[in-house]
Amino acid sequence: MHTLPFGQSGRFFRGNLHTHSTRSDGRRSPEEVCRFYREMGYHFLAITDHFMERFGYPLTDTSTFWGEDFITLAGAELHAGRTEIGELWHILAVGLPGDFAPNLSGETGPQIARRALDAGAFVAAAHPAWYNLGEADVLSLGAIHAIEIINGISADHNDRLESWYMVDRMAALGNRYSALATDDAHFHEHHADLLRGWVWVKAEELTPAAILGALMAGHYYSTTGPQILDLQVFPSNRISLRCSPIDHVVVTGKGAEAVSLHGNGMISAELSMRRWNSPYCRVTLRDRHGESAWSNVIWFEG
Ligand SMILES: [Zn+2]
Ligand SMILES: [Zn+2]
């Protein structure tokens, strides 16, 4: 009925899908970046260097850094053309082929996003809040999969860590995107951009194809700390969940519609949404440190 990951077969794998290295403006080599995430317990990582002429259009092959329970996905942050307010586009593409062509001359953001989709990549609008991306911008990208809702480096760079407003606004207009938390790690000395946001993906196995397929199907959730062990939405609009200890559960719908539950160190919760009118909801779990886990937007039909 829903695209929630919890009822899918397989197991959860933790990953970061937005990372830079010395192949563009990051401060650590691809090998060091892979080692860091592997040692932090991540199962997969995408190094997504800036796909620009001045960096030689890097698409780093990191397959030599795979280890036990750790793989990498090929990716890049794509740049081309200008957004509505004249900013250079930032588009995240994970699962790109090694021969993905450099920007064609005069290529727009929507055009390079289309090429990435056609090449089989998982494509996301990067950090909307960070550079004031608008609704028309996101819609112009066509059938991309996701929108970043947490972008770690933005916190200390310009105080724009969170972009949930864009996913919410899109859902209210009937447009479906999944919601992605990432570090956008550069390993800068003064920007705390490590371990700020990640995804847990439910997949049959730890292979690029299985992880990419699960991402495209929305079989994942995002977090800055808490873990969601189970989350079910029943036809009677009842929500049931199990999780690491949290103090707040908030179910958010269209407009101002919401229900919430508050407690101390809850590891399970049930909420009723009997008078719920919104065609969708999303669920936030927040712990006593202020860290959150978020479901993707859950649509009740279609
Ligand atoms: Zn960016
Ligand atoms: Zn980036």
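Residues numbered from 1 in each chain as written. Chains lettered and ligands numbered in written order. Predicted model: local features only at pLDDT ≥ 70, side-chain atom pairs only at ≥ 80, totals over all residues.

**Thoughts on the overall build of the protein**
Working step 1: The secondary structure content of the protein amounts to six helices and 16 strands.
Working step 2: Over its C-alpha trace the protein gives a radius of gyration of 19 Å, about what one expects of a compact globule, namely 19 Å for 302 residues.
Working step 3: Counting only C-alpha atoms, the protein reaches 55 × 40 × 35 Å along its principal axes.
Working step 4: When each of the 302 residues of the protein is scored for burial, the buried share is 47%.
Working step 5: The long-range fraction of contacts in the protein, counting pairs at least 24 apart against all pairs at least 6 apart in sequence, stands at 63%. (Helix = DSSP H or I, 4+ residues; strand = E, 2+ residues; numbered from the N terminus. Rg over C-alpha atoms; globule rule 2.2 N^0.38 Å. Buried ≥ 20, exposed ≤ 12 C-beta atoms within 10 Å, placed from the backbone. Contact = placed C-beta atoms within 7 Å.)

**A closer look at the pairing of strand β2 (residues 44–47)**
Working step 1: Here β2 shows a buried face lined by F44 and A46 and a second buried face lined by L45 and I47.
Working step 2: Bridging between strand β1 (residues 11–16) and β2 involves two bridges; their strand directions are parallel. The residue bridging G15 from the neighbouring strand is F44, located in β2.
Working step 3: For β2 and strand β4 (residues 71–78), the ladder comprises four bridges, and the chain directions are parallel. The residue of β4 that forms the bridge with F44 is I71. (Pairing = 2+ DSSP bridges.)

**Some thoughts on helix α6 (residues 208–217)**
Working step 1: Within the span of α6, buried status applies to I211, L212, A214 and L215. Projected down its long axis, α6 shows its buried positions confined to an angular sector of 165°, all on one face.
Working step 2: In this fold, the buried residues of α6 make contact with β1, β2, β4, β6 (122–125), β9 (198–203) and β10 (220–223).
Working step 3: Of the residues trailing α6, G218 is marked for its positive phi of about 80°. (Arc of directions from axis to C-beta.)

**Remarks on the nonpolar core**
Working step 1: In this structure, I91, A93, V123, I147 and V201 are the most contacted members of the largest nonpolar core, which totals 80 residues.
Working step 2: The biggest single contributor to this core is strand β12 (residues 238–252), with six residues.
Working step 3: Here this core gathers at least three residues from each of two domains, domain 1 (11–222) and domain 2 (228–299).
Working step 4: Not counting the four nearest positions on each side in its chain, I147 is found in contact with A124, A125, P128, V138, S163, M166, V167, Y177, A179 and L180. (Core = buried A, V, L, I, M, F, W, Y, C linked by C-beta atoms within 7 Å. Domains from an automatic or database assignment.)

**Examining the domain arrangement of the protein**
Working step 1: Domain boundaries assigned for the protein yield domain 1 (11–222) and domain 2 (228–299).
Working step 2: Distance between the C-alpha centres of domain 1 and domain 2: 26 Å.
Working step 3: Elements with a contribution of two residues or more to the side of domain 1 that touches domain 2: α5 (164–172), β8 (178–182) and β10.
Working step 4: Of the residues assigned to the side of domain 1 that touches domain 2, the class counts are six nonpolar, three polar and one charged. (Nonpolar A, V, L, I, M, F, W, Y, C, P; charged D, E, K, R; others polar.)

**Some remarks on the pairing of strand β14 (residues 280–286)**
Working step 1: The buried fraction of β14 amounts to six of the seven residues, a majority that puts the element mostly inside the structure.
Working step 2: Bridge analysis of β12 against β14 gives five bridges, and the strand direction is antiparallel. What sits directly across from V251, in β14, is V283.
Working step 3: One ladder, built from two bridges, connects β14 with strand β16 (residues 298–299); its direction is antiparallel. Along β16, the bridge assignment pairs Y280 with W299.
Working step 4: Here β14 runs beside strand β15 (residues 292–294); their pairing, made up of three bridges, is antiparallel.

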